[in-house]
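# Structure at a glance
Residues per chain are reported as follows:
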Amino acid sequence: MPHTFDFDLLVIGDAHPDVVLGPLDALPDALAVTDFLRANALEARALSAAARSTADPESVEAAAAALAAHGPHVIVKNGPDGAVAHDGSTVLRTDGIPARPVDTVGAGDSFDAGFVAAHLRGLSTAHALAAACGAPSTRAHGGTPSQPTWDEAVAALSRNGKNL
């Protein structure tokens, strides 16, 4: 049965320091029409400083909170330390999934794919974060050959024991 969704357009922003889509003073307006903003810790700190016109925040949680104050749900991937989400009022953290990386190429895209797949299956943000597939995708060179299936991602979470 096909999925049905209750939104007209899902906008997921993927922050990247090398890509500038417009002047940073337009950032708050862009965030106001973004459903989810995904960034790594460095990007989140830089974007939150730009959005607030203040110094870099001290923590990933503070950066996520500053960005979420402008509207989007903010998802910050933080490497082996896991991820943080902020919806404007609540911060959620998930531990990283232990891995012995062979190649980290594509891990961020795999993280995004796992989050979106979990979110579209109706899982809560905490579980959607936990279902992120970044760590398992590092098992082989190139990211794609080692991209976990849904069942593998769920099994990795069960082994971790902290994210379910």
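Counting restarts for each chain: residues are numbered from 1 in the order of the written sequence. The predicted origin of the model limits local features to residues at a pLDDT of at least 70 and limits the giving and counting of side-chain atom pairs to 80 or more, whereas totals for whole chains, interfaces and linings rest on all residues. The basis for the side-chain values is all heavy atoms of the structure; hydrogens and waters are excluded.

Moving on, we get to the side chain of Asp 103. Helix and strand assignments come from DSSP, with helices taken as H or I runs of at least 4 residues and strands as E runs of at least 2, each series counted from the N terminus. Among the secondary structure elements, Asp 103 is positioned in the loop between β5 (91-94) and α4 (107-120). One buried charged residue, Asp 103, remains without a salt bridge, the closest side chain of opposite sign being Arg 139 at 12 Å. Reaching out from Asp 103, the side chain makes a polar contact with the backbone nitrogen of Val 105 at a distance of 3.0 Å. Pairs of N or O atoms within 3.5 Å make up the polar contacts considered here, provided that, within protein, one atom can donate a hydrogen while the other can accept it, and that residues adjacent in sequence are counted only when both atoms are side-chain atoms. A distance of 2.8 Å separates a polar atom in the side chain of Asp 103 from the backbone nitrogen of Gly 142. We call two residues contacting when some pair of their heavy atoms lies within 4.5 Å. Among residues more than four places away in sequence, those in contact with Asp 103 are Ser 137, Thr 138, Ala 140, His 141 and Gly 142. Three labels apply to residues, based on accessible area from a 1.4 Å probe with only protein chains included: buried if under 20% of the type maximum, exposed if over 50%, partly exposed otherwise in between. For the charge count, each Lys or Arg is scored as positive and each Asp or Glu as negative, with His and the chain ends excluded. A pair is scored as a salt bridge if a Lys or Arg side-chain nitrogen falls within 4 Å of a carboxyl oxygen belonging to Asp or Glu.

With that out of the way, let us pick up the confidence of the model for the protein chain. Each residue carries a pLDDT value, the predictor's own confidence for that position, ranging from 0 to 100. With 76% of its residues at a pLDDT of 70 or more, the protein chain has an overall mean of 77. Every residue in residues 1-10 is under pLDDT 50, and counting partners more than four places away or in other chains gives six contacts. Below pLDDT 50 for its whole length, residues 17-22 participates in one contact with residues either more than four positions away or in separate chains.

As a further point, take the packing of aromatic side chains. A ring pair, where both rings are aromatic, is described by two values, the distance of the centres and the angle of the planes. Classification of ring pairs rests on two measures: the distance between centres of Phe, Tyr or Trp rings, Trp counted by its six-membered ring, which must be within 6.5 Å, and the angle between planes, read as stacked under 30 degrees, edge-to-face over 60 and tilted in between. Enumeration over the complete set of coordinates arrives at one aromatic pair. Between Phe 36 and Phe 115 the ring centres are 5.4 Å apart and the planes differ by 70°, which places this aromatic pair in the edge-to-face class. In this pair, Phe 36 is assigned in strand β2 (residues 36-40) and Phe 115 in helix α4, connecting sequence segments 79 residues apart. Residues Phe 36 and Phe 115 agree in their burial class; the two are buried.

What follows deals with the environment of Asp 95. Take Asp 95: it is sitting in the loop between β5 and α4. Asp 95 gets classed as partly exposed once you look at its relative accessible area, which sits at 38%. Residues Asp 95 and Ala 83 lie 12 residues apart in sequence; the distance between their C-alpha atoms is 6.7 Å.

Here the expected length of a helix is defined as 1.5 Å per residue gap, with one fewer gap than residues. Spanning 14 residues, α4 covers 20 Å between terminal C-alpha atoms, matching the ideal 20 Å at 1.5 Å per step. Ala 107, Gly 108, Ser 110, Phe 111, Asp 112, Gly 114, Phe 115 and Ala 118 are the residues of α4 that are buried. In the stretch just after α4, Gly 122 is the one whose phi turns positive, near 85°.

The next subject is the pattern of salt bridges. Counting across every chain of the model gives three salt bridges. We note a salt bridge from Asp 112 to Arg 38, for which the minimum N-O separation is 2.7 Å. Of the two residues, Asp 112 is situated in helix α4 and Arg 38 in strand β2; the sequence distance between them amounts to 74 residues. By the burial criterion, Asp 112 is buried, and Arg 38 matches it. Arg 93 is paired through a salt bridge with Glu 61; the nearest N and O atoms lie 2.9 Å apart. In this pair, Arg 93 sits in strand β5 while Glu 61 sits in helix α3 (residues 60-68), placing the two residues 32 residues apart along the sequence.

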